[in-house]
Every structure is written in structure tokens, then in C-alpha cells.
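Analysis of the macromolecular model
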Amino acid sequence: MLYTITDGSFTAKIDSLGAQLVSLTGPDGFEYIWVGDKAYWGGHAPVLFPIVGALREGKTQIGGKWYHMGRHGFARTSGFTAEEEPAGNSVALTLRASDETKEAYPFDFAFTVTYTLENGGLTTTFTVENTGGVPLPFSVGGHPGFNLPVGEEAAFEDYTLQFSQAETQRCPVIDLTTGLIDWDRHAFTMENQTEVPL
């Protein structure tokens, strides 16, 4: 099911399959989210849970039993439900543990993704609730694709990622074949920076 929210200026469309943002348009009708051209990448803005990246050989051992899980987990290919009727500018979609999820991830959880349009921007909130009686290991992430350039005069090289405060980080290389982190090599290093070029 496709949910549409608006704040009167911006409009967002969210697919219940994967709770994925598939469209964000502004007052001028420009589409900010990648259109999913399969010649390059078929996604839009997948939600990643309960892992980000990959497991070595696609498996992990939990409680003495082996479990298999694909890259970035199962949330992006799972059906989410709106447990409350969406408000005009906000929608919350939830994925709950099931027999199917427990085949790959033997834990009880409720994972909610909330999208809210306000003040000329879109906020995405991830909420993970442990509904079981044991610790819940997880990672969560967003993988948005953007439709660049936004203006006719801009080039891809004109864009940067900006942080509200200075960051210092050594970012390891991710092997694109296996999806695994190579901690011995670094893709780039940030030293007290607020901006990273794309």
C-alpha cells in the first residue's frame, strides 16, 4: 500500500513494502528521491534492519544455532502496517516479529518507521522496541538515494554532506562484493570537519 503525506508544500509517498520512502516532491514538483532506475539502482530509500551491511558468508550463530540473513536484513522486503490512521503530515509503519522473521532473526521486536513533513523538511524516526525477554542485538539504517542535480546549473561535484557539529572519523572501506568492512583500509578520514564532498 502507498501512503501519501503532505504539509501543504512538500508531498511524500511511502510504500508499506519495506516502509520505503519512494517519492518526495517540493512545491515546484521536483522529485528529490531517486526514481529507481534499474539500469543503475532499483531502490529509492530502503530501510535497513536488523543489520546494516552483510554477515560473513550470510550467516551468524545465535544460541548455538546458525541463522541466515541477506545483506541489509529483511525489513526492506517485509510488509509494514500502519497501526494508526496516518495524520495529514505524518505516517508511522510497524514491522513486528513473526515466524518468518524468526527464521533469520530469533528475537521478538516491533520496528517502527515514522515519516513526518514539517517546516520545509522531512524527518524519519526509527524506533526499535524489544518485546521479548532477552537482549535484542540490532543495527538500523537508512539508505536514501537522491535525484541529483537539483538545479540545472549544479553538477554532482557541487554537493556535500553537512553535519551540525564537527566530526572526526576514520571510515573503513566496505568490500562491495561481500558487503563486509575492511578495518585495515580507510575510504576517507574526517578530522574535525563539518562537511564531506560527495
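Note: the structure precedes this text.
If you're wondering where the values come from, they're calculated on a predicted model, not measured in any experiment.

**Observations regarding the pairing of strand β6 (residues 65-68)**
- In this sheet, β6 lies alongside strand β5 (residues 59-62) in antiparallel orientation, the contact comprising four bridges. Bridge pairing in β6 links Ile62 to Lys65.
- Here β5 folds back onto β6 in antiparallel fashion, the turn holding two residues, of which Gly63 has a positive phi close to 60 degrees.

**Looking at the environment of Thr6**
- Structurally, the position occupied by Thr6 is in strand β1 (residues 2-6).
- A C-alpha to C-alpha distance of 29 Å links Thr6 and Pro50, two positions 44 residues apart in sequence.
- With near-sequence residues (within four places) excluded, Thr6 lies in contact with Thr11, Gly88, Asn89 and Leu117.
- In this structure the side chain of Thr6 is engaged in a polar contact, spanning 2.8 Å, whose partner is the backbone oxygen of Phe10.

**Considering the pairing of strand β3 (residues 20-25)**
- The element β3 is extensively covered by neighbouring structure, given that six of its six residues are classed as buried.
- Sheet topology note: the strand β2 (residues 11-15)/β3 ladder contains five bridges and is antiparallel. Within the sheet, the bridge partner assigned to Thr11 lies in β3 and is Thr25.
- In textbook terms, the turn of a hairpin is the stretch between consecutive antiparallel strands, and for β2 and β3 this stretch comprises four residues, one of which, Gly18, has a positive phi near 85 degrees.

**Some points on the pattern of salt bridges**
- Evaluated as defined, the whole model comprises four salt bridges.
- In this structure, Asp108 and Lys102 form a salt bridge, with 2.5 Å as the shortest nitrogen-oxygen distance.
- Using a relative accessible area of 30% as the deciding quantity, one classes Asp108 as partly exposed.
- Measuring nitrogen to oxygen at the nearest pair gives 3.7 Å for the salt bridge that ties Asp182 to Arg185.

Rules behind the numbers
- Residues numbered from 1 in each chain as written.
- Predicted model: local features only at pLDDT ≥ 70, side-chain atom pairs only at ≥ 80, totals over all residues.
- Heavy atoms only, no water.
- Pairing = 2+ DSSP bridges.
- Helix = DSSP H or I, 4+ residues; strand = E, 2+ residues; numbered from the N terminus.
- Contact = heavy atoms within 4.5 Å.
- Polar contact = N/O pair within 3.5 Å; in protein donor to acceptor, adjacent residues only side chain to side chain.
- Buried < 20%, exposed > 50% of the residue type's maximum accessible area, 1.4 Å probe, protein only.
- Salt bridge = Lys/Arg side-chain N within 4 Å of Asp/Glu carboxyl O.

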